[in-house]
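Structural overview
The primary structure of each chain is shown beneath.
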Amino acid sequence: MNLTLHLIKKDIYRNRWALSCWVLSLISPFLQTQVPMQSGNLRDYLQIAAMLAMLILSIGLIADFVQVDHPTQEDQHWRALPVSAGRMMMAKLLLIGTIFVVVPVAATCIYHVFDRGQSLHDASEYGLQGLTLAAIVLSLAATAACTKNVVHCLVLWLALIFGAGSLAELLNRFTPVLSRQITRQININVALTVLGFSAVTALGIILNQYLRRRLGASVALLIAGSVGSALVGTMWGYYYFYSSQ
């Protein structure tokens, strides 16, 4: 465990300035609500800028955390150290999971606690936020493990999202027409299934890259994950349609 913590501390120290900026962008919306501003538009612009900064920094940090000790490239320095692939994978998952999933969910919870006495949100909301962040973070880590730099990672990640969205739009033309009430019921089920499926597929890719190191299998899983995510909505649509007959 000490070695795992050492690997985590090494990555944190290496990216300490970028992480500091990320933390500032995370807490800035909360700080802005505590500072009176004459212009509401200025507050909105600052919040949008903070969100964009956090998004860009998150993508860059996740890609760097994975690719600085690349799981498949033979010329990596960590392979000459007494560090197993499993331990390296555990350190990376603990690092990105804590920073980009646990911390934002905890920050949201703290924000609601101090939200001028307003009622706290339901626990299921935090669970959905955590699942959404986990799916996004794991998918980014999976594409980073299959690419060489952050640009390739981002291009591949966006291509998979665009491909899944385009396929889903095409398949929706053949789904049965459902009532608005059933459509509202199906949306949450579709979202949970897509997020869970994406997270599991991404985790499978990460496991394969670190432990099996078969790029072909990872590419197949990437394609399967993109196509499978698009098929989810269609399958749920047919399920609700025939079950309501």
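Our next topic: a nonpolar patch on the surface. Taken together, Leu-215, Val-219, Ile-223, Val-227, Leu-231 and Met-235 make up a surface patch of nonpolar side chains, about 500 Å² in accessible area. Within the secondary structure, Leu-231 is located in helix H8 (residues 215-243). The exposure class assigned to Leu-231 is partly exposed, which follows from its relative accessible area of 35%.

What follows deals with the packing of helix H1 (residues 2-14) against helix H4 (residues 85-113). Two numbers describe how H1 lies on H4: the axes approach to 9 Å, and their chain directions differ by 55°. The angle between the axes of H1 and H4 places the two elements in the oblique class. Of the two possible hands of crossing, H1 and H4 adopt the one that is right-handed. Packed against H1, whose contacting residues are Leu-3, Thr-4, Leu-7, Ile-8, Lys-10, Asp-11 and Ile-12, the element H4 presents Arg-87, Met-88, Ala-91, Lys-92, Leu-94 and Leu-95 at the interface. Classifying every residue of the contact of H1 with H4 gives 8 nonpolar, 1 polar and 4 charged.

Turning our eyes to something else, we now look at the nonpolar core. Of all hydrophobic cores here, the largest spans 40 residues; its most connected members are Phe-65, Ile-99, Phe-100 and Ile-206. In this structure, Ile-99 is in contact with Leu-19, Trp-22, Phe-65 and Pro-104, ignoring residues within four places of it in sequence.

Turning our eyes to something else, we now look at the pattern of salt bridges. Applying the stated rule across the entire model yields 5 salt bridges. With its nearest N and O atoms 3.0 Å apart, the salt bridge here joins Asp-11 to Lys-10. The class of Asp-11 is buried, set by a relative accessible area of 2%. One salt bridge in this structure joins Lys-10 and Asp-69, with 2.5 Å as the shortest N-O distance. Taken together, the residues span a long stretch of sequence, with Lys-10 in helix H1 and Asp-69 in the loop between helix H3 (40-67) and H4 at a distance of 59 residues. The exposure class assigned to Asp-69 is buried, which follows from its relative accessible area of 8%. When salt bridges that share partners are traced, they join Lys-10, Asp-11, Asp-69 and Lys-92 into one network.

When the terminal C-alpha atoms of helix H5 (residues 123-145) are compared, their 33 Å separation across 23 residues agrees well with the 33 Å that a helix rising 1.5 Å per residue should span. Among all positions in H5, only Tyr-126, Gly-130, Ala-135, Val-137, Leu-138, Ser-139, Leu-140, Ala-141, Ala-142, Thr-143, Ala-144 and Ala-145 are buried.

This part covers unusual backbone geometry. In this structure, Arg-213 is a non-glycine residue whose phi angle is positive, near 60°. The partly exposed category is assigned to Arg-213, whose relative accessible area is 33%.

About the cut-offs
Residues numbered from 1 in each chain as written. Predicted model: local features only at pLDDT ≥ 70, side-chain atom pairs only at ≥ 80, totals over all residues. Heavy atoms only, no water. Patch = residues over 30% accessible without salt bridge, like charges linked within 9 Å, V, L, I, M, F, W, Y side chains within 5 Å. Areas by Shrake-Rupley, 256 points an atom, 1.4 Å probe, with all protein chains shown as cover. Salt bridge = Lys/Arg side-chain N within 4 Å of Asp/Glu carboxyl O. Helix = DSSP H or I, 4+ residues; strand = E, 2+ residues; numbered from the N terminus. Buried < 20%, exposed > 50% of the residue type's maximum accessible area, 1.4 Å probe, protein only. Axes fitted to C-alpha atoms, helices over the stretch in contact; angles between N-to-C directions. Parallel < 35°, antiparallel > 145°, perpendicular 65-115°, else oblique. Left-handed = near helix turned anticlockwise from the far one by under 90°. Contact = heavy atoms within 4.5 Å. Nonpolar A, V, L, I, M, F, W, Y, C, P; charged D, E, K, R; others polar. Core = buried A, V, L, I, M, F, W, Y, C linked by side-chain atoms within 4.5 Å. Expected span 1.5 Å × (residues − 1).

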